[in-house]
Amino acid sequence: MGGPRAGFGFVLVLCLATALSGCGDGRVLSSTTTTVVGKAHSVRSRACERNPSVGVHGPDRLKVLSPCAVFQGTVKEAPVKNPDGDVSFQVSPDPGYAGMLNAHNRSEGGLHIEIVPRDQPGCTPGKPIQVGDVPDLGTCSGRDVAAPALGAQVRIIGPWVLDRNNNWYEIHPAWSVKPAHRATR
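Parameters at a glance
- Residues numbered from 1 in each chain as written.
- Predicted model: local features only at pLDDT ≥ 70, side-chain atom pairs only at ≥ 80, totals over all residues.
- Heavy atoms only, no water.
- Helix = DSSP H or I, 4+ residues; strand = E, 2+ residues; numbered from the N terminus.
- Buried < 20%, exposed > 50% of the residue type's maximum accessible area, 1.4 Å probe, protein only.
- Contact = heavy atoms within 4.5 Å.
- Areas by Shrake-Rupley, 256 points an atom, 1.4 Å probe, with all protein chains shown as cover.
- pLDDT = per-residue confidence, 0-100.
- Disulfide = S-S within 2.5 Å.
- Pairing = 2+ DSSP bridges.
- Core = buried A, V, L, I, M, F, W, Y, C linked by side-chain atoms within 4.5 Å.
- Polar contact = N/O pair within 3.5 Å; in protein donor to acceptor, adjacent residues only side chain to side chain.

**Structural notes on the overall build of the chain**
- Looking only at helices and strands, the chain has 2 helices and 9 strands in total.
- Starting at the N terminus, the α and β elements of the chain follow one another as α-β-β-β-β-β-α-β-β-β-β.
- Counting only residues that meet the buried cut, the chain has 40% of its 185 residues in that class.
- Long-range pairs, those at least 24 residues apart, make up 64% of the contacts in the chain with a sequence separation of at least 6.
- Carbon and sulfur atoms make up 57% of the accessible area of the chain, which amounts to about 10,500 Å² in all.

**Let's talk about the confidence of the model for the chain**
- Looking at the chain, pLDDT values average 82 and 74% of them are 70 or higher.
- Note on residues 7-36: pLDDT under 50 across the span, and 21 contacts to partners over four residues away in sequence or across chains.

**Notes on the state of the cysteines**
- Under the defined criterion, the tally for this structure stands at 2 disulfides.
- Disulfide pairing is shown between Cys 48 and Cys 68; the S-S distance is 1.5 Å. Of this pair, Cys 48 sits in the loop between β2 (36-39) and β3 (62-75) while Cys 68 sits in strand β3; the two residues are 20 residues apart in sequence, bridging distant segments of the chain.
- By relative accessible area, which is 9% here, Cys 68 ends up buried.
- Covalently, Cys 123 is tied to Cys 140 through a disulfide, its sulfur atoms 2.0 Å apart. Between Cys 123 and Cys 140, the disulfide has an S-S torsion of 65° and is therefore right-handed. Highlighted residues: Cys 123 in the loop between β6 (111-115) and β7 (153-163) and Cys 140 in the loop between β6 and β7, separated in sequence by 17 residues. A single burial state applies to Cys 123 and to Cys 140, both of which are buried.
- Within the chain, bonded cysteines paired by disulfides and numbered along the sequence follow the pattern 1-2, 3-4.

**Topic: the pairing of strand β5 (residues 87-93)**
- Burial analysis of β5 places 6 of its 7 residues in the buried class, which makes it a mostly covered element.
- Sheet topology note: the β3/β5 ladder contains 3 bridges and is antiparallel. Residue pairing for β5: Gly 73 is matched across the bridge by Pro 93.
- As judged from the 2 bridges shared by strand β4 (residues 80-81) and β5, these two strands associate in the antiparallel manner. Bridge pairing in β5 links Lys 81 to Val 87.

**With respect to the nonpolar core**
- Core analysis: the largest hydrophobic core is formed by 27 residues, its most contacted members being Ile 156 and Ile 171.
- At the level of secondary structure, the elements contributing two or more residues to this core comprise β3, β5, β6, β7 and β8 (168-171).
- The element that contributes the greatest number of residues to this core is β3, accounting for 6 residues.
- Residues within four places of Ile 156 in sequence aside, it is in contact with Ala 69, Val 70, Phe 71, Phe 89, Val 91, Ile 113, Ile 171, Ala 174, Ser 176 and Val 177.
- With 5 residues, the next largest nonpolar core counts Cys 123, Ile 129, Leu 137 and Cys 140 among its residues.

**Focus: the environment of Trp 168**
- Along the chain, Trp 168 turns up in strand β8.
- Distance from Trp 168 to Asn 105, taken between C-alpha atoms, is 5.6 Å for residues 63 residues apart in sequence.
- Excluding residues within four positions of it along the chain, Trp 168 makes contact with Asn 102, His 104, Asn 105, Glu 108, His 112, Val 161, Leu 162 and Asp 163.
- One polar contact links Trp 168 to Glu 170, side chain to side chain, over a distance of 2.7 Å.

Structure below.
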């Protein structure tokens, strides 16, 4: 076989690959430069799914920046139901979360959040989701993620993505939307 030398070489290659991959530090690099364009608050949670695009209409428009992130802030735009069945709203960041916004997010008042139909209350767990003629919305997860009220302080868990069509960051889909305590400054 390879002996100790081969084992050392494997460990060295593994260490270098890990160091060069940038895994775990939460930084997102621009595709054209090496400047940091945002900072995710990555989280390990039972709310997270392996595939962040399940139940998302047109997932190719979304670039996953962090497969499972947390964001906290105040609902600044009342939730609305979109034609694809998603419920969307804007959340202004609590201190420490502003790095998850880009200039377009700031001009819109916060991070864009979307709850997909498969995670909304009212569907039957395990049954296919149908909203008009929108294809591939997955099956009901049974999460019962309810839209928060305008002005609510919330903690959201889901994939942090770049919506290439709108050029803004989002949590899409939001796998968990829960009340949060107001941050102190």
